[in-house]
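# Working through the structure, step by step
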Amino acid sequence: MQVRGAAENNLQNVDVDIPRDSFVAFTGVSGSGKSSLAFGTLYAEAQRRYFESIAPYARRLLQQVGAPHVATITGLPPAVALQQRRGVASSRSSVGTITTLSNLLRMLFSRAGTYPAGAPHLEAESFSPNTAAGACRRCGGLGVIHDVTTELMVPDPTLSIRAGAIAAWPGAWQGANQRSIVNGLGIDIDAPWHTLKAKDREWLLFTDEQPKVFIEPQADRIDHSYKGKFWSARKHIMHVLSDSQSQQMREKALRFTESMSCRWCHGSGLRADAMEVTVAGCTIAQINDLSLREVTALLRPLTEPANTTSGYLDGTAEVAARICADLVARIDVLLGVRLDYLNLGRRSTTLSPGEAQRLRIATQLRSGLFGVVYVLDEPSAGLHPADSEPLLDVLEQLKASGNSLFVVEHDMGVVRRADWIIDIGPAAGEGGGHVLYSGPVAGLEQVKESLTGEYLFGRAKALDRNPRQPAGWLRLSGVTRHNLRDLSVQIPMSVLTAVTGVSGSGKSTLVSQVLSEVVRHWLEVTPEQDEDAQFDVEMVSVGVTNVGDHEVINRLVRVDQRPIGRTPRSTLATYTGMFDVIRKLFAATDEAKAREWSAGRFSFNVAAGRCPTCQGNGFMEVELLFLPGTYGPCPTCHGARYNPQTLEVSWKGKNIAEVLGLSVDEASIFFADVPGAARSLKALREVGLGYLRLGQPATELSGGEAQRIKIATELQRARRGHSLYLLDEPTSGLHPADVALLMRQLHALVDAGNTVVVVEHDLDAIATADWVIDLGPGGGDTGGKVISTGTPRQVAANGTSITGPYLARRLEFQE
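Quantities reported herein were computed from a predicted structural model and do not represent experimental measurements.

Cut-off values and rules
- Residues numbered from 1 in each chain as written.
- Predicted model: local features only at pLDDT ≥ 70, side-chain atom pairs only at ≥ 80, totals over all residues.
- Heavy atoms only, no water.
- Helix = DSSP H or I, 4+ residues; strand = E, 2+ residues; numbered from the N terminus.
- Contact = heavy atoms within 4.5 Å.
- Areas by Shrake-Rupley, 256 points an atom, 1.4 Å probe, with all protein chains shown as cover.
- Axes fitted to C-alpha atoms, helices over the stretch in contact; angles between N-to-C directions.
- Parallel < 35°, antiparallel > 145°, perpendicular 65-115°, else oblique.
- Left-handed = near helix turned anticlockwise from the far one by under 90°.
- Nonpolar A, V, L, I, M, F, W, Y, C, P; charged D, E, K, R; others polar.
- Core = buried A, V, L, I, M, F, W, Y, C linked by side-chain atoms within 4.5 Å.
- Buried < 20%, exposed > 50% of the residue type's maximum accessible area, 1.4 Å probe, protein only.
- Salt bridge = Lys/Arg side-chain N within 4 Å of Asp/Glu carboxyl O.
- Pairing = 2+ DSSP bridges.
- Expected span 1.5 Å × (residues − 1).
- Phe/Tyr/Trp six-rings, centres within 6.5 Å; stacked < 30°, edge-to-face > 60°.
- pLDDT = per-residue confidence, 0-100.

Helix and strand counts for the protein chain stand at 29 helices and 26 strands. For the protein chain, restricting intrachain contacts to residue pairs at least 6 apart in sequence, the fraction spanning at least 24 positions comes to 68%. Counting only carbon and sulfur atoms, one obtains 50% of the accessible surface of the protein chain, whose full area is about 36600 Å².

The relative placement of two packed helices comes down to the angle between their axes together with the axis-to-axis distance. Contact geometry for helix H11 (residues 292–299) and helix H12 (residues 317–336): axes closest at 10 Å, N-to-C directions at 150 degrees. In this view, H11 runs roughly antiparallel relative to H12, as classed from their interaxial angle. The hand of the H11/H12 crossing is left-handed. For the pair H11 and H12, contact is made by Leu292, Arg293, Val295, Thr296 and Leu299 and by Cys324, Leu327, Val328, Ile331, Asp332, Leu334 and Leu335, respectively. Of the residues contributing to the contact of H11 with H12, the split by class is 9 nonpolar, 1 polar and 2 charged.

What follows concerns the nonpolar core. Grouped together as the largest cluster of nonpolar side chains are 77 residues, with contacts concentrated most on Ile582, Phe671, Leu694 and Leu746. With residues up to four places along the chain from it excluded, the contact list for Leu694 reads Thr571, Leu572, Ala573, Met578, Ile582, Val659, Leu660, Leu662, Val664, Ala667, Phe671 and Leu681. In terms of nonpolar packing, the next biggest core, distinct from the first, is built from 67 residues, Leu270, Leu302, Leu395 and Leu456 among them.

Structurally, the position occupied by Val502 is in the loop between strand E16 (496–500) and helix H17 (507–522). A relative accessible area of 6% means that Val502 is categorised as buried. For the pair Val502 and Leu383, spaced 119 residues apart in sequence, the C-alpha to C-alpha distance is 7.1 Å. If we ignore the near neighbours within four places in the chain, the residues touching Val502 are His384, Ala386, Asp387, Lys507, His761, Leu775, Pro777, Gly778, Gly779 and Ile802.

Moving on, we get to the packing of helix H8 (residues 233–243) against helix H9 (residues 247–254). In the contact formed by H8 and H9, the axes pass within 9 Å of each other and the chain directions differ by 140 degrees. Taken together, H8 and H9 sit at an angle that is classed as oblique. For the pair H8 and H9, the sense of crossing is left-handed. Listed contacts from H9 to Ile237, Val240, Leu241 and Ser242 of H8 are Met249, Arg250, Ala253 and Leu254. Among the residues forming the contact of H8 with H9, the class breakdown is 6 nonpolar, 1 polar and 1 charged.

Along the chain, Ser503 falls in the loop between E16 and H17. According to the relative accessible area criterion, Ser503 is buried, its value standing at 2%. Dropping the residues within four chain positions of it, Ser503 is found in contact with Tyr341, Ser352, Gly354, Glu355, Arg358, Gly382, Leu383, His384, Asp387, His761 and Gly779.

In the structure shown here, the tally under the stated rule is 24 salt bridges. Among the salt bridges present, the one from Arg595 reaches Glu648, with a minimum N-O distance of 2.6 Å. Of this pair, Arg595 sits in the loop between helix H20 (590–594) and strand E19 (619–624) while Glu648 is found in the loop between helix H21 (644–647) and strand E21 (650–651), placing the two residues 53 residues apart along the sequence. You can call Arg595 partly exposed: its relative accessible area is 28%. Asp673 serves as the salt-bridge partner of Lys652, at 3.9 Å between the closest nitrogen and oxygen. Of this pair, Lys652 sits in the loop between E21 and strand E22 (654–655) while Asp673 sits in the loop between helix H23 (664–670) and helix H24 (675–686); the two residues are 21 residues apart in sequence, bridging distant segments of the chain. Relative accessible area serves as the criterion here: at 47%, Lys652 is assigned to the partly exposed category.

Across the sheet, which stays open at both edges, the 6 strands sit in the order E5-E10-E11-E3-E12-E13 with mixed pairing between neighbours. The open sheet has two edge strands, strand E5 (79–82) and strand E13 (434–439), and neither has a second partner. Each strand of the sheet is rotated relative to its neighbour by a mean of 15 degrees, with strand direction disregarded. Pairing of strand E3 (residues 23–27) with strand E11 (residues 404–408) involves 4 bridges; the strand directions are parallel. Considered in E11, the bridge of Val24 is made with Phe406. Those strands touched by helix H1 (residues 34–52) are E3, E5, strand E10 (373–377), E11 and strand E12 (420–425), and its axis lies near 135 degrees from that of E5.

To continue, consider H12. Since the α-helix advances by 3.6 residues per turn, residues separated by three or four positions end up pointing in the same direction. The end-to-end C-alpha distance of H12 is 28 Å, a good match for the 28 Å that 20 residues give at a rise of 1.5 Å each. Of all the residues in H12, the buried ones are Ala320, Ala321, Ile323, Cys324, Leu327, Val328, Ile331, Val333 and Leu334. Arg338 sits one or two residues past H12 and shows a positive phi near 60 degrees.

Time to look at the packing of aromatic side chains. Overall, the coordinates contain 12 aromatic pairs when judged by the stated rule. Consider the rings of Phe586 and Phe602, whose centres lie 5.5 Å apart with planes at 40 degrees: the pair is tilted. Here Phe586 is found in helix H19 (residues 578–587), whereas its partner Phe602 is found in the loop between H20 and E19, with 16 residues between them in sequence. Residue Phe602 is classed as buried on the basis of its relative accessible area, which comes to 0%. For the ring pair Trp597 and Phe602, a centre distance of 6.1 Å and an interplane angle of 70 degrees mean the geometry is edge-to-face. Each residue in the set Trp169, Trp203 and Phe230 is aromatic and connected to the rest through ring pairs, giving one cluster.

Our focus in this paragraph is helix H14 (residues 385–400). Here H14 spans 23 Å end to end across 16 residues, near enough to the 22 Å set by a 1.5 Å rise per residue. Along H14, the positions that sit buried rather than exposed are Pro385, Ala386, Asp387, Ser388, Pro390, Leu391, Leu392, Val394, Leu395 and Leu398. Phi turns positive one or two residues past the end of H14, at Gly402, with a value near 95 degrees.

A few words now on the sheet that holds E16. Read from one edge to the other, the open sheet built from 6 strands follows the order E18-E23-E24-E16-E25-E26, with strand pairing classed as mixed. The two strands at the open ends of the sheet, each matched to only one other strand, are strand E18 (555–559) and strand E26 (785–790). Going from strand to strand, the sheet's axes swing by 15 degrees on average, the running direction of each strand aside. Two strands pair when backbone bridges link them, and strand E23 (residues 723–728) and strand E24 (residues 755–759) are joined in this way by 5 bridges, in the parallel orientation. Counterpart to Asp728 in the pairing with E24 is Val759. Against the sheet, H17 contacts E16, E18, E23, E24 and strand E25 (771–776), and its axis sits at roughly 150 degrees relative to E23.

Attention shifts here to the environment of Arg810. Structurally, Arg810 is set in helix H29 (residues 803–814). Taking the C-alpha atoms as reference points, Arg810 and Leu763, 47 residues apart in sequence, are found 6.6 Å from one another. Sequence-distant contacts of Arg810, that is, excluding residues within four places in its chain, are made with Leu763 and Asp764.

This paragraph deals with the pairing of strand E1 (residues 2–6). Here E1 runs beside strand E4 (residues 72–74); their pairing, made up of 3 bridges, is antiparallel. Along E4, the bridge assignment pairs Gln2 with Thr74. When E1 meets strand E2 (residues 14–17), the two strands line up antiparallel, connected through 3 bridges. Within E2, the residue paired with Gln2 across the bridge is Asp17.

Detailed reading of predicted coordinates is not advised where the pLDDT is low. Overall, the prediction assigns the protein chain a mean pLDDT of 86, with 90% of residues at 70 or greater. Of all the helices and strands in the protein chain, strand E20 (residues 627–633) carries the lowest mean pLDDT, 55, while E16 carries the highest, 98. Counting contacts from residues 526–534, a segment whose pLDDT is below 50, to residues more than four positions away or on other chains yields 19 contacts. Here residues 624–629 is a poorly scored stretch, pLDDT under 50, and it has 12 contacts once near neighbours within four places are set aside; other chains count.

Dropping the structure here:
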């Protein structure tokens, strides 16, 4: 393939030749232009050419990418992109739906299932909880309902109704009204709740009946008679949740409900008739609950027609055998990438990034495509080194099938396996965009200006430091969540701890869910509304020992890779708070004072100052007849976001739009004498984000960039006390040179008296930690145990740890 004049994003009119039918690694520091070449140019052009062959009306149904800025590309085959997906997955998405195995399984039950005598035949959709034909009427196919419980509605059964035994009832006049009605019904409201008849207690809490009772005037409350309508506690809660516009009332009502398995479908999400059909003696819900390893053992005997029977039609043995053979063959690929412990019904929201990535790549292997380019975005992201090896075997199989692999990658272990390397740099942003080297991997060693070469061939100096001593311990015991079973663990304080282990071993569950929720509960902080992260914190024993003169944790900070904003109105400058400082500078100019403009005038979110055509977005959506809409610069402000009058005001020779167009590196010089802005800019540069523009929309930022912005925002805050920082794979998406920058900043947080806990796979990052907690030994049901703890060298020497040998080699390589 020959690329000429590529100028997408920061690419500097790149000319490069790329071999086909090869494993090509695209490398370079974060923001250097790797993705702009691989995805923004090569993949985008392949898609554009494919779409040109489709009827214009049909193109509207496809998600199109824009035409890239490139002069010519010759020899470009069709392309398939496998990018990182960090958005919120649907609760209806599962391992079965991601891999399309559920489609085959439903077909198997429909065509070859054993039906009860006289039962009608069911189509495949009837075995899916995501269709109207198959979904349980009560839970809508989710398998989970939110309902009240007696324990939540009546927390203290020794109280009487008058004293507030039914806590779920409303307060004030409405609560008094319900008590008067109950008294009128002949139920004693002054007797302790637990002494009432069981049928009365059940009726008061759960009945749908709403009798009306005549209420006499009461001197202390009402001066006239009326008919009061009864509401059971449950009916009142459900009424508030469905009809109330008051967020406060809804939040109060939610305190009396909890998620539970649907009683009608027993958690399967399916109707009763679908649950009566079996294959090999199992319902589809039972097969969905089996591990992939167990599913193949169950179905493999059925791949022979002689072993297949059906209760629906004669002559279906051959159909069943073919479907089972296809299922087993597809699952075997997943077993080859060490995902044997997953089950088809597992929700995608509970998968680690590494598990989801391997599922998508393994599914492509079974597609049987030939002669295409697979463009992959960091396939090793979220993977333990032990998991990367089978993944690389799958990639080699894709190549051996006659395809080309274009892999954007930071993991030097993966890069070493490539046939060809294209290194982009030398720096990020405007300092990058050049091809430093294109050729066999070994040749990069001679390119001195390449930072990738420094780390690929061991010339880069490792962070030289001795592990700190813990100032105390935060201990958790009785932890049970997902694959963690009655786990006990001690987390050292005032040090940097790396939690390691293979993908699916329970790292994120321990840190991002359990530790986060327990500490929030301990600090009496309202937990985030994360459905998947709720568990019984009261069952976990928590304590702190050997604190000495250090303060106990008084603040919790979670730093994840969720976006810093979901619209272009959220920018780097607005998120960090720097924009407030900048707007005040413009408002303080003589010109702004003369016009009596406040700082609000310089916000693109305020009508007075923004461009009226694009409403401050800087771009316009262009509607095209028979084609999907596209985006272009605003024809009025040309992307400036502001109206002409606002742009007439300048500070140090630049208007507000020109300031937002500065990179962090440029702005650090421009605002050198403005402490409020200089502090934010210094923190952003220290985490390697000097190439980003101040006005860069949040929608253009990667997950790794968003996480580093959050870290930089935290670094610029001057806070006292002892904070606990929890980070989930902070090095994901980072070049080794950027990893070194990031780790220095995390160690700076510890030097300031804080505790940092990171979930991590990057061996360079783990090697710099003070303490390591290694989980395993495997993933899923074979994981969830603490295998080894200690300093990096102690864990490296542990013969039972899967992480140990890889960490030992990395420590030896650094020396």
